[in-house]
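Structural overview
Residue strings, one per chain:
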Amino acid sequence: MSTLTHAVHDSTTMLRRNLKHAIRYPSVGLGSAMMPILMLLLFVYAFGDSIGAGMGGGRGTYVNYLTPGIIIMGVAAGSMSTSIAVCSDMTEGIINRFRTMDITRSSFMTGHVIGSVVQTMVCMVPVVGVALAVGFRSGATPLEWLAAAGLLTAIAFAVTWLSVALGLISKTVESASNKPLLIQFLPFLGSAFVPADSMSPGLRWFAEYQPFTPMTETLRGLLSGSEIGDNGWISLAWCVGIALTGYLWSRSLFNGTTKR
């Protein structure tokens, strides 16, 4: 068996392990879906009429504006479960068991990342369903829906690698659950809930140059069937940069903690 084949086989085994954990303990995954759903309902029914009126429409206008930001926030929130799972494996001794087995070291992290991406994408289905139930309407073509799913997968892949690193540097599961909060909070400081143009100058500058704003605008353009401009390329560049940073950081940390 070649090295590549061995690595793929080991990663598949680790992926199966993590998916079984997700099925056995669904509460963590459901939390990734419940928070964006609750935020969606809160903003639509508590603030939808007033904010929608300020945008030149009504609640329906705001639902269409808000939904892409909520979905992005949900994808970011899914990173918390990855950080917790990685830290749990590192602190509960399973790594010592893996050391005695003939497995590829990187398969541990790869299994966590792919499993988390799958779980996050599944959790976004009920979020989209609730958005449709409260009035979200999309003008996207099937190809644009497919592009939107690809964008969300890329974002999930990027933030999950970063979350793996955060899980590796955490000493306890509690601290691992807190470290990804910044990732989850960043969409709030972008154009997820209100246009960046309506913010104060300092906050507007931050919103325009942080990664989640172009991601949100790209998803919003794809789901509405409108132009996305340069936001698409900027979003992909951010995804590549975040994923590469998270991967290199995670590999360095993991090799340091598992060396004999």
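Notes on the structure in this doc start here. (Residues numbered from 1 in each chain as written. Predicted model: local features only at pLDDT ≥ 70, side-chain atom pairs only at ≥ 80, totals over all residues. Heavy atoms only, no water.)

**Side note on the nonpolar core**
- In terms of nonpolar packing, the biggest core is built from 52 residues, with Leu66, Ile70, Ile71, Ile155, Phe193, Phe212 and Leu219 touching the most fellow members.
- The biggest single contributor to this core is helix α7 (residues 142–169), with eleven residues. (Core = buried A, V, L, I, M, F, W, Y, C linked by side-chain atoms within 4.5 Å. Buried < 20%, exposed > 50% of the residue type's maximum accessible area, 1.4 Å probe, protein only. Helix = DSSP H or I, 4+ residues; strand = E, 2+ residues; numbered from the N terminus.)

**As for the environment of Ser235**
- Tracing the backbone through its elements, the reader meets Ser235 in helix α12 (residues 231–258).
- Ser235 gets classed as buried once you look at its relative accessible area, which sits at 0%.
- Sequence separation of Ser235 and Thr213 is 22 residues, and the distance between their C-alpha atoms is 8.6 Å.
- When residues no more than four places from it in sequence are discounted, the contact partners of Ser235 are Leu151, Pro214, Met215 and Thr218.
- Within the structure, the side chain of Ser235 is placed 2.7 Å from the backbone oxygen of Asn231, a separation counted as a polar contact. (Contact = heavy atoms within 4.5 Å. Polar contact = N/O pair within 3.5 Å; in protein donor to acceptor, adjacent residues only side chain to side chain.)

**Overview of the packing of helix α6 (residues 106–133) against α7**
- Where α6 contacts α7, the axes come no closer than 9 Å and their chain directions differ by 130°. On the basis of their axis angle, the class for α6 and α7 is oblique. Considering how the two elements wind past one another, α6 and α7 form a crossing that is right-handed. Facing α6, whose interface residues are Met109, Thr110, His112, Val113, Ser116, Val117, Thr120, Met121 and Val128, α7 presents Trp145, Ala149, Leu152, Thr153, Ala156, Phe157, Thr160, Trp161, Val164 and Leu168.
- Here the residues of the contact of α6 with α7 are counted per class, giving 13 nonpolar, six polar and no charged. (Axes fitted to C-alpha atoms, helices over the stretch in contact; angles between N-to-C directions. Parallel < 35°, antiparallel > 145°, perpendicular 65-115°, else oblique. Left-handed = near helix turned anticlockwise from the far one by under 90°. Nonpolar A, V, L, I, M, F, W, Y, C, P; charged D, E, K, R; others polar.)

**Structural notes on a nonpolar patch on the surface**
- Taken together, Leu30, Met34, Leu38, Leu41 and Tyr45 make up a surface patch of nonpolar side chains, about 480 Å² in accessible area.
- Counting through the fold element by element, Leu38 comes out in helix α2 (residues 26–54). (Patch = residues over 30% accessible without salt bridge, like charges linked within 9 Å, V, L, I, M, F, W, Y side chains within 5 Å. Areas by Shrake-Rupley, 256 points an atom, 1.4 Å probe, with all protein chains shown as cover. Salt bridge = Lys/Arg side-chain N within 4 Å of Asp/Glu carboxyl O.)

**Describing the packing of α7 against helix α11 (residues 212–224)**
- Following both chains from N to C, one finds α7 and α11 inclined at 160°, their axes separated by 8 Å at the closest point. It follows from the interaxial angle that α7 and α11 lie roughly antiparallel. The two elements α7 and α11 cross, and the hand of that crossing is left-handed. Packed against α7, whose contacting residues are Glu144, Trp145, Ala147, Ala148, Leu151, Leu152, Ile155 and Val159, the element α11 presents Phe212, Met215, Thr218, Leu219, Leu222 and Leu223 at the interface.
- Here the residues of the contact of α7 with α11 are counted per class, giving twelve nonpolar, one polar and one charged.

**A short note on the environment of Met35**
- Position of Met35 among the secondary structure elements: in helix α2.
- Met35 sits in the partly exposed class, given a relative accessible area of 33%.
- Each C-alpha atom, one on Met35 and one on Ile70, is 9.4 Å from the other, the two residues being 35 residues apart in sequence.
- With residues up to four places along the chain from it excluded, the contact list for Met35 reads Met73, Ala77 and Gln184.

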